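# Understanding the architecture of this molecule
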Amino acid sequence: MEGGEPGGGGGGLLQQILSLRLVPRVGNGTTTYSSPLSTFPEMWYGVFLWALVSSLSFHVPAALLALFTLRHHKYGRFMSVSLLLMGIVGPITAGILTSAAIAGVYRAAGKKMIPFEALILGVGQTFCVVVVSFLRILATL
């Protein structure tokens, strides 16, 4: 075990993610935000993680539904794989860039971001992608 960590390397990653305080802690009956996200990596990572999680929460059920309904089709069952890949590849490519742009604007303005703002901005990115997908705006161009 590297670094003398009891419990292996998995605990280190979990502790690193939890140290960002992206999820509010509940203590003594009140919800507290101990510290806002103030550095560029913290803000970028917070917005990016929420965008990734919210994208997966839309795409995983859609992929499972596609797999269930198209399981007997010769080629249709592979549609679920493409849905799942879109839910992962989209936030990794475009989500990284937009989250960095958002964090850069906050950093340039000298503002700090509370974790709830990171949640709203990350889920908002996914919401915009879902709205554009359902409205088929790109098909009209």
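Rules used in this analysis
- Residues numbered from 1 in each chain as written.
- Predicted model: local features only at pLDDT ≥ 70, side-chain atom pairs only at ≥ 80, totals over all residues.
- Heavy atoms only, no water.
- Helix = DSSP H or I, 4+ residues; strand = E, 2+ residues; numbered from the N terminus.
- Expected span 1.5 Å × (residues − 1).
- Buried < 20%, exposed > 50% of the residue type's maximum accessible area, 1.4 Å probe, protein only.
- Arc of directions from axis to C-beta.
- Contact = heavy atoms within 4.5 Å.
- Polar contact = N/O pair within 3.5 Å; in protein donor to acceptor, adjacent residues only side chain to side chain.

Once that is clear, we can look at helix H4 (residues 115–135). Between its first and last C-alpha, H4 extends 30 Å over 21 residues, near the 30 Å set by a 1.5 Å rise per residue. Within H4, the full set of buried residues consists of Pro115, Ala118, Gly122, Gln125, Thr126 and Val130. Looking straight down H4, one finds its buried side chains confined to an arc of 125 degrees; they lie on one side. Exposed and oriented more than 90 degrees from the buried face of H4 are Phe127, Phe134 and Leu135. Buried residues along H4 sit against helix H2 (40–69) and helix H3 (79–109). A positive backbone phi angle near 55 degrees is found at Arg136, which sits one or two residues after H4.

Taking 1.5 Å per residue, 30 residues should reach 44 Å; H2 reaches 43 Å between its end C-alpha atoms and fits that length. If you check which residues of H2 are buried, you get Met43, Gly46, Val47, Phe48, Leu49, Ala51, Leu52, Ser54, Ser55, His59, Ala63 and Ala66.

Structurally, the position occupied by Ser55 is in helix H2. A polar contact is formed between the side chain of Ser55 and the backbone oxygen of Gly87, at a distance of 3.1 Å. Those residues in contact with Ser55, other than ones at most four positions away along the chain, are Gly87, Pro91 and Thr126.

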